[in-house]
Amino acid sequence: MNRILILGASGFIGNTIYKELSSYYETYGTYYSSRKTFEQNKMFFRYDLEEDDIYDILEKVKPSIVISALRGNFPAQITAHQHMVEYILRNDCKLFFISSANVFDAYSQYPSYEDDKTLSLSIYGRFKIKIENMLLRISSSKMAIIRLPMVFGNASPRIKEIKNALTYNEPIEVFPNLIINVTDDDKVTQQIHYLINHKKTGIYHLGSIDLIHHEDFIKEIVARMGNYHPIYKRVFTTNEDRYLAVLPKTNTLPNHLQFHCQDIIDHHIFS
């Protein structure tokens, strides 16, 4: 029986993973912001990234799998992950790290695959690469790097932002030249559940298997939200098409876990 610890289980992605796994495994989580639901849940530990040592929680829970969906101070996260790596090397434990397509944001001319070399121009991308490199130095049987493209879903920060813009008649930013793939919280959690169940490790790109222009995708979602008259702010960072997409090639999942951009749009009632 797997004992799972989700770091950042109060956040958007972490909480969806917790809800998916807690019916099947002994699942613990950490939270930072106090909310009654977390304080009263005996499976949750309060964890302040900058004040607390993650080692204390690891020693209490003794997990067989740690899923890191942490957010917050980058240097503090790097220290926490160093401590996690030390822990998993000494114990029968694996670390699943939620990474991002931004580890490839310096490569704009094509989509990226699992074994491509990482290179980023953004602070966020370089931070994710630092932790990935930490994991790539240990045995692949001890870790999984899970790279996500843009994540949507009814409760996602991106959808909330669009809804707010529509409510207050503010412009919605779209990137006409940006080609992406996408996912949502439900798909990510189903795929991670599969990886755990089937004892998978290594690098996984968990996104749609096809691509779409950012502007087209956002406009389709807004059209689903109702009869609005949105204001779009078209942001051009380059005159050429550029890619920010992570596609699977070597580590593909079964057909029932593969999906297209349109599935993400059709899956939700973004009202």
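Going by the structure above, here's the rest.
Anyway, here's the lowdown on the structure attached to this text. Computed from a prediction, not measured in an experiment: that's the story for all the values here.

A few words on the overall build of the protein chain. Along the protein chain, the regular secondary structure elements total 9 helices and 14 strands. Taken over the C-alpha trace, the protein chain has a radius of gyration of 19 Å; the compact-globule value for 271 residues is 18 Å, and the two agree within 12%. Projected onto its principal axes, the C-alpha positions of the protein chain cover 55 × 40 × 35 Å. Within the protein chain, the proportion of its 271 residues that are buried is 52%. Expressed as a percentage of contacts within the protein chain between residues at least 6 apart in sequence, the contacts between residues at least 24 apart total 75%. For the protein chain, the distance from the average position of its 30 positive side-chain charges to the average position of its 31 negative side-chain charges is 4 Å.

This next bit is on the pairing of strand β5 (residues 94–100). On any regular strand, side chains alternate: one points to one face of the sheet, the next to the other face. With 6 of its 7 residues buried, β5 lies for the most part within the structure. Note: strand β4 (residues 65–68) against β5, 4 bridges, orientation parallel. Directly across from isoleucine 65, in β5, lies its bridge partner lysine 94. The handedness of the β4 to β5 crossover, carried by helix α4 (residues 74–90), is right-handed. As paired strands, β5 and strand β6 (residues 143–148) are joined by 6 bridges and run parallel to one another. Directly across from isoleucine 98, in β6, lies its bridge partner isoleucine 146.

Moving on: empty space enclosed by the protein. Within the structure shown, the criterion is met by 1 cavity of 30 Å³ or more. Here the largest cavity is characterised by a volume of approximately 80 Å³. Class assignment of the residues belonging to the lining of the largest cavity gives a composition of 7 nonpolar, 6 polar and no charged.

This part covers α4. Here α4 contains 17 residues, and its C-alpha end-to-end distance of 25 Å stays within 8% of the 24 Å for a straight helix at 1.5 Å per residue. Looking at the packing, one finds that the buried side of α4 touches β1 (3–7), α3 (54–61), β4, β5 and α5 (123–136). N-cap assignment for α4: the residue whose side-chain oxygen lies 2.7 Å from the backbone N of alanine 76 is asparagine 73.

With respect to the helices and strands, serine 120 occurs in the loop between β5 and α5. In this structure the side chain of serine 120 is engaged in a polar contact, spanning 2.8 Å, whose partner is the side chain of aspartate 105. For serine 120, the contacting residues outside a window of four places in its chain are Asn102, Val103, Asp105, Ala106, Gly125, Arg126 and Ile129.

The next subject is the packing of helix α1 (residues 12–21) against helix α7 (residues 185–197). Contact geometry of α1 with α7 gives a least axis separation of 9 Å together with a crossing angle of 55°. As judged from the angle between their axes, α1 and α7 are oblique. With respect to the hand of their crossing, α1 and α7 are arranged in right-handed fashion. For the pair α1 and α7, the contacting residues are Phe12, Thr16, Ile17, Glu20 and Leu21 in the first and Asp185, Asp186, Thr189, Gln190, Ile192, His193 and Ile196 in the second.

To continue, consider the sheet that holds β6. Here we have 7 strands laid out as an open sheet, ordered β3-β2-β1-β4-β5-β6-β11, and parallel in their pairing. At either end of the open sheet lies a strand with only one pairing partner, and these are β3 (44–46) and β11 (202–205). Within the sheet, the average angular offset between the axes of one strand and its neighbour, ignoring direction, is 20°. Pairing of β6 with β11 involves 4 bridges; the strand directions are parallel.

Turning our attention to the pattern of salt bridges. In this structure the tally under the stated criterion is 7 salt bridges. Between lysine 233 and glutamate 173 there is a salt bridge, and its shortest N-O distance comes to 3.6 Å. One end of the pair, lysine 233, is in strand β13 (residues 232–234); the other, glutamate 173, is in strand β8 (residues 172–174), with 60 residues separating them in the sequence. Exposure remark for lysine 233: the relative accessible area of 45% places this residue in the partly exposed category. A salt bridge links aspartate 266 to arginine 224; the shortest N-O distance between them is 2.9 Å. Within this pair, whereas aspartate 266 is found in helix α9 (residues 261–267), its partner arginine 224 is found in helix α8 (residues 214–225), the two being separated by 42 residues in sequence. Residue aspartate 266 is classed as partly exposed on the basis of its relative accessible area, which comes to 42%. Take arginine 224: its relative accessible area is 38%, and that puts it in the partly exposed class. Within this structure, Glu215, Lys219 and Arg234 form a network of salt bridges that share partners.

What counts and how
- Residues numbered from 1 in each chain as written.
- Predicted model: local features only at pLDDT ≥ 70, side-chain atom pairs only at ≥ 80, totals over all residues.
- Heavy atoms only, no water.
- Helix = DSSP H or I, 4+ residues; strand = E, 2+ residues; numbered from the N terminus.
- Rg over C-alpha atoms; globule rule 2.2 N^0.38 Å.
- Buried < 20%, exposed > 50% of the residue type's maximum accessible area, 1.4 Å probe, protein only.
- Contact = heavy atoms within 4.5 Å.
- Lys, Arg positive; Asp, Glu negative; His and termini not counted.
- Charge placed at Lys NZ, Arg CZ, Asp CG, Glu CD.
- Pairing = 2+ DSSP bridges.
- Right-handed = clockwise from strand over helix to strand, strands pointing away.
- 1 Å grid on protein atoms, 1.4 Å probe; cavity = no way out; pocket = protein on both sides within 12 Å on 5 of 7 lines; lining within 4 Å.
- Points joined across faces, edges and corners; volume = space filled by probe spheres on them.
- Nonpolar A, V, L, I, M, F, W, Y, C, P; charged D, E, K, R; others polar.
- Expected span 1.5 Å × (residues − 1).
- Polar contact = N/O pair within 3.5 Å; in protein donor to acceptor, adjacent residues only side chain to side chain.
- Axes fitted to C-alpha atoms, helices over the stretch in contact; angles between N-to-C directions.
- Parallel < 35°, antiparallel > 145°, perpendicular 65-115°, else oblique.
- Left-handed = near helix turned anticlockwise from the far one by under 90°.
- Salt bridge = Lys/Arg side-chain N within 4 Å of Asp/Glu carboxyl O.

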